[in-house]
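Chain by chain, the residues:
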Amino acid sequence: MREACAKKQYICGKLKAVTTIHEKSLYDMKRNACLFLSLCAGQFAFAQERPNIVLFLVDDMGLMDTSLPFLTDGDGNARRYPLNDWYRTPNMERMARQGIRFSTFYAQSVSSPSRASIMTGQNAARHRTTNWINSEDNNRTPFGPPEWNWQGISSQTPTLPKMLRKAGYRTIQVGKAHFGPIGSEGENPGNLGFDVSIAGSSIGQPGSYYGEAGYGNISGNKARAVPGLEKYHGTATFLSDALTFEANEQIDKAVGAGKPFFLYMGHYAVHAPFEVDKRFIGNYTDPGKSPAARAFAALIEGMDKSLGDMMDHLEEIGEAENTLVIFLGDNGSDAPLGDEKGYTSSAPLRGKKGSEYEGGVRVPFIACWAKPDGRNPFQKELPIPAGSIQTQMGTVMDIYPTLLALAGVKAPEGYVLDGTDLSVQLEGKKNGSRQEKFLMHFPHEHRGSYFTTYRDGDWKLIYYYNPLMPDRPVCELYNLKKDPFEVHNLATADVERLAEMVDAMAAELEAEQALYPVDKEGNPLKPIKLHLK
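Residues numbered from 1 in each chain as written. Predicted model: local features only at pLDDT ≥ 70, side-chain atom pairs only at ≥ 80, totals over all residues. Heavy atoms only, no water.

**What to know about the overall build of the protein chain**
Link 1 in the chain: Across its full length, the protein chain carries 14 helices and 14 strands.
Link 2 in the chain: Scaling as 2.2 N^0.38, a compact globule of 533 residues should have a C-alpha radius of gyration of about 24 Å, and the protein chain matches this with 23 Å.
Link 3 in the chain: Judged by the C-alpha coordinates and their principal axes, the protein chain covers about 80 × 50 × 45 Å.
Link 4 in the chain: Looking at the protein chain as a whole, 60% of its 533 residues qualify as buried.
Link 5 in the chain: Accessible surface computed for the protein chain: about 20200 Å², of which carbon and sulfur atoms make up 50%.
Link 6 in the chain: Of the side-chain charges in the protein chain, 58 are positive and 64 negative, and the distance between the mean point of each set is 3 Å. (Helix = DSSP H or I, 4+ residues; strand = E, 2+ residues; numbered from the N terminus. Rg over C-alpha atoms; globule rule 2.2 N^0.38 Å. Buried < 20%, exposed > 50% of the residue type's maximum accessible area, 1.4 Å probe, protein only. Areas by Shrake-Rupley, 256 points an atom, 1.4 Å probe, with all protein chains shown as cover. Lys, Arg positive; Asp, Glu negative; His and termini not counted. Charge placed at Lys NZ, Arg CZ, Asp CG, Glu CD.)

Next up, the structure:
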């Protein structure tokens, strides 16, 4: 009987996919199949051995690019800021009502390092993909480490999808991959453990968001043309929607095969080019905002629609109760709102994508069951309190051990993980065994160049290597509890604390076997010990 239900689920999904390309005469057939599916789901939903997982990853979306407030006051309550009133993300708000959001969740400052950390559970200093990956040429930048991992993730790495596939999951990648350059093993997500890969390659941005442009295949930036979506070429299907249709169809196929699924849903949105989504641009009319800023906001809303459409689909096919949804961004905001290191794109946080400040590395993170149901055995194992806020930090490295624990899978013996299982924190509790530390190593050139940041408790160090004058590094020191927006640099006021933080950072870099920027002669620039007078 369960197999029959699974076949009905598959039929339901296929019919849904057909209606998305406007064959409306099949709508009634779809509804009838879904009604049958609902009856099946009520009887057999709990027979599934492992929960489904949707990892919904948004490109270049920072903590403030949403109507959902993540920052909190001193009591841990959400606090709104002006940018929360500019954006419209009702489905992120829906997720937050159903689950938990993190006020302090760290990613790397640019895309590829974060994606590699999600896939490996390791920090960028360890996996050594410390910069974004340029498809064609090695972009180590002038003083970057010559041996940095431009090739990205290897087929020999025990990636998250590989581990879940061994446990019986159908592993699906849709959208942006950006795991390796052209010709590398990581260029093809199929080499990294995904059973299905759609629209992912070496590229880090789309050639176009427009179906009329073939997403860059017909017009636009053809060097960054999105592959594999030919059936939408020449149509008015916006890229975020095309990816959603494909993801939902793959969900249906997995359900039809009677297998749990892991969906890595990597939106190209909201990366440049900031092309106008005509469906939503009318919601953004502030004359004080540039056309690019209004287009960025519309991209955000279109991405949020995708989130809602996927959650609706999970409910329609009877899998919402069995599916954990995790939403996050891959680095700080790239909203075109002004000064790169000031208080604009991520205000009140300082900085944006590619910078060393909190606005460059803090990202939205929400987790919920697609449909809360306390009777569901998966939800009994991981009860996520509705409408809650977790103020203890999390990082992108935590996703790997968290999802392995959820699926009942052990990490490979001897494999080093830098992340922490978030299960306790997802239940709204504080994990007393968690170290409140985060190392972000960026030995390249960008908006912030040749730096390492190190957070330990309330304190944050920014250490700038100086390739031209190696014996003159520059440091900044902030107490984030008292100064969360990084206004008051205490490097000269608390030199003892500064020296302690530099020593701790240097030790952690060595423990993770980091590579360092180099000077003019190619000598590696390791942190210099500060001698107090």
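Moving on, there is more to tell.
**Quick look at the confidence of the model for the protein chain**
In low-pLDDT segments, the atomic positions of the prediction should not be examined closely.
Link 1 in the chain: Overall, the prediction assigns the protein chain a mean pLDDT of 92, with 91% of residues at 70 or greater.
Link 2 in the chain: Of all the helices and strands in the protein chain, helix α1 (residues 2–20) carries the lowest mean pLDDT, 41, while strand β8 (residues 365–369) carries the highest, 99.
Link 3 in the chain: In this model, residues 1–46 is a region of pLDDT below 50 whose contacts with residues beyond four sequence positions or in other chains number 63 contacts. (pLDDT = per-residue confidence, 0-100. Contact = heavy atoms within 4.5 Å.)

**Observations concerning the packing of helix α4 (residues 90–98) against helix α9 (residues 291–316)**
Link 1 in the chain: For the pair α4 and α9, the least separation of the axes is 7 Å and the interaxial angle reads 50°. By the criterion of interaxial angle, the relationship of α4 to α9 is oblique. Contacts between α4 and α9 pair P90, N91, M92, R94, M95 and Q98 from the former with D304, K305, L307, G308, M311, D312 and E315 from the latter. (Axes fitted to C-alpha atoms, helices over the stretch in contact; angles between N-to-C directions. Parallel < 35°, antiparallel > 145°, perpendicular 65-115°, else oblique.)

**Describing the nonpolar core**
Across soluble globular proteins, nonpolar side chains have a tendency to be buried as a group.
Link 1 in the chain: Formed by 63 residues in total, the largest nonpolar core has its most connected members in L229, F261, L263 and F327.
Link 2 in the chain: The biggest single contributor to this core is α9, with 10 residues.
Link 3 in the chain: If near-sequence neighbours (up to four positions away) are discounted, L229 is found in contact with I198, A199, Y215, L239, A242, L243 and E246. (Core = buried A, V, L, I, M, F, W, Y, C linked by side-chain atoms within 4.5 Å.)

**Re the packing of helix α8 (residues 239–256) against α9**
A pair of packed helices is captured by two measures, namely the crossing angle of their axes and the spacing between those axes.
Link 1 in the chain: In contact at an axis separation of 9 Å, α8 and α9 are set at 20° when each is read in the N-to-C sense. The pairing of α8 with α9 is recorded here as roughly parallel in orientation. In the crossing of α8 with α9, the sense of the turn from one axis to the other is right-handed. Touching S240, D241, T244, A247, N248, I251 and D252 of α8 are G302, K305, S306, D309, M310, H313 and L314, all from α9.
Link 2 in the chain: Along the lines of polarity and charge, the residues of the contact of α8 with α9 split into four nonpolar, six polar and four charged. (Left-handed = near helix turned anticlockwise from the far one by under 90°. Nonpolar A, V, L, I, M, F, W, Y, C, P; charged D, E, K, R; others polar.)

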